[in-house]
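Here are the chains, one letter per residue:
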Amino acid sequence: MKTNRDNLVGSLWMIAAMAGFAVEDSFVKAATKTLPVAQVLVLFGLGGALVFALNAFRLKDPLFSKAVVSPPMLVRVCFEITGRLFYVLALAYASLSSATVILQATPLVVIAFAALFMGETVGWRRWTAIFVGLLGVLVILNPSADSFTWASLLAVVGLLGFAGRDLASRAAPASLSTSVLGVYGFMAVAVAGGLYFLWEGRGAVALSPVVAWTMTGAVGAGVLAYACLMKAMRTGEVAAVTPFRYTRLLFGIGAAVFWFGETITANMVVGSGLIVLSGLFILMRGASKSAA
């Protein structure tokens, strides 16, 4: 039974995780201004996989088992490759603020996928909330405006990849630890980079000290954020800590404005509001049903 203190501590861990992911996104975006996207993905993936592999060895978690090649894990890796590749492309070619806001619709798409492909029951109220949240994404994209860029759609494809990954994670074997999942999740990022190397056809670029530290910061922030996220979900109740995922909006938009000099549009404010309100409504509906 989780206490109020557990929920408070879990919420603080969740806020720390979202701040870490925002920092990771910022470092990755900064790195893509100098390095090819494929190289950023490979370096980021290998760096993160190495950290999680060392932790798995420390905990004596086996990295190789039949569970690793189970169908849910293979599906998870495919979605991870798609999500990571297109989200990093969005960070490289679209604004950080729009990519961050669009990504917040991931939980809505996860619920929709669960209803469509896994037979979960979703009532008309939650379906309405999902459509409202997706409308928020459409408002942000604003395809009828002269300012519309196809680069923003990269974030939408990344969103679909992450939603599929999260859904496949539900079916992943429980015997696989967080560290092992982290290894293969980050290895999928490196594979995504390798595939994009073949597509892009650009050679690797020598790392300057500044870029090397930028990539080190991206890996460090990503690993710490992932660890904080796991800590949050294991410390507090899901319904209590999950709403604090949306603090990533504040951190991401803050970085976009102060680090990259981006301008926040009215469409982005309205769209993010629709996404957040829809997500919070669905969380409250789920919590009320659990308490009933």
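Calculation criteria
- Residues numbered from 1 in each chain as written.
- Predicted model: local features only at pLDDT ≥ 70, side-chain atom pairs only at ≥ 80, totals over all residues.
- Heavy atoms only, no water.
- Helix = DSSP H or I, 4+ residues; strand = E, 2+ residues; numbered from the N terminus.
- Polar contact = N/O pair within 3.5 Å; in protein donor to acceptor, adjacent residues only side chain to side chain.
- Contact = heavy atoms within 4.5 Å.
- Salt bridge = Lys/Arg side-chain N within 4 Å of Asp/Glu carboxyl O.
- Buried < 20%, exposed > 50% of the residue type's maximum accessible area, 1.4 Å probe, protein only.
- UniProt positions renumbered as here; feature names shortened; annotations may be inferred.
- Axes fitted to C-alpha atoms, helices over the stretch in contact; angles between N-to-C directions.
- Parallel < 35°, antiparallel > 145°, perpendicular 65-115°, else oblique.
- Left-handed = near helix turned anticlockwise from the far one by under 90°.
- Phe/Tyr/Trp six-rings, centres within 6.5 Å; stacked < 30°, edge-to-face > 60°.

Where an unreviewed UniProt entry is consulted, the protein chain appears under the name Riboflavin transporter, with the organism given as Ascidiaceihabitans donghaensis.

Visitor: Explanation requested: the side chain of Glu 262 in the structure shown.
Guide: If you trace the backbone, Glu 262 turns up in the loop between α11 (247-258) and α12 (266-291). A distance of 2.8 Å separates the side chain of Glu 262 from the backbone nitrogen of Leu 96, its partner in a polar contact. Of note is the side chain of Glu 262, whose polar atom sits 2.8 Å from the side chain of Ser 97. With sequence-adjacent residues up to four places away left out, Glu 262 is seen in contact with Lys 29, Ser 95, Leu 96, Ser 97, Ala 256 and Val 257.

Visitor: Honestly, the pattern of salt bridges in this entry has me stumped. Any pointers?
Guide: Proximity of charged atoms lets side chains of opposite charge pair with each other. Under the defined criterion, the tally for this structure stands at 4 salt bridges. Where Asp 25 meets Arg 248, a salt bridge forms, and the shortest distance between an N and an O atom there is 2.8 Å. Remark: Arg 248 occurs in helix α11 and Asp 25 occurs in helix α1 (residues 4-32); sequence separation between them is 223 residues. Side by side, Asp 25 and Arg 248 carry an identical accessibility label, which is buried. We note a salt bridge from Arg 84 to Glu 80, for which the minimum N-O separation is 3.3 Å.

Visitor: Can you help me understand the side chain of Ser 179 in this one?
Guide: Position of Ser 179 relative to the elements: it lies in helix α8 (residues 178-200). Among the polar contacts made by the side chain of Ser 179, one reaches the side chain of Asn 55 at a distance of 2.7 Å. Excluding its chain neighbours within four sequence positions, the residues that come into contact with Ser 179 are Phe 52, Asn 55, Ala 56, Leu 59 and Asp 61.

Visitor: Explanation requested: the UniProt feature "domain: EamA" (unreviewed entry) in the protein chain in the structure shown.
Guide: Cross-referencing UniProt, the feature "domain: EamA" (unreviewed entry) maps to residues 10-141 in the present numbering. Between the end C-alpha atoms of residues 10-141 there is a gap of 33 Å, over a span that is 81% helix and 0% strand.

Visitor: I keep staring at the packing of helix α4 (residues 96-103) against helix α7 (residues 151-170) and nothing clicks. Help me out?
Guide: Pairs of packed helices are described in terms of their axes, by the angle between the two and the distance that separates them. Remark: α4 packs on α7, axes separated minimally by 9 Å, with the N-to-C direction vectors making an angle of 30°. By the angle class used here, α4 and α7 are roughly parallel. The hand of the α4/α7 crossing is right-handed. Touching Ser 98, Ala 99, Ile 102 and Leu 103 of α4 are Ser 152, Ala 155, Val 156, Leu 159 and Phe 162, all from α7.

Visitor: Sorry if this is basic, but what is going on with the packing of aromatic side chains here?
Guide: The geometry of an aromatic ring pair is captured by the separation of the ring centres together with the interplanar angle, meaning the angle of the planes. According to the stated counting rule, one finds 7 aromatic pairs in the structure shown. Their ring planes at 50° and their centres at 5.3 Å tell us that Phe 44 and Phe 186 sit as a pair that is tilted. Taken together, the residues span a long stretch of sequence, with Phe 44 in helix α2 (residues 37-59) and Phe 186 in helix α8 at a distance of 142 residues. For the pair Phe 44 and Phe 186, a shared accessibility class is recorded, and that class is buried. Judged by centre distance (5.1 Å) and plane angle (80°), the rings of Phe 52 and Tyr 226 are edge-to-face. Of this pair, Phe 52 sits in helix α2 while Tyr 226 is found in helix α9 (residues 209-235), placing the two residues 174 residues apart along the sequence. The pair Phe 52 / Tyr 226 is uniform in exposure class, with both members buried. Taken together, the aromatic side chains of Phe 44, Phe 52, Phe 186 and Tyr 226 make up a single cluster linked through ring pairs.

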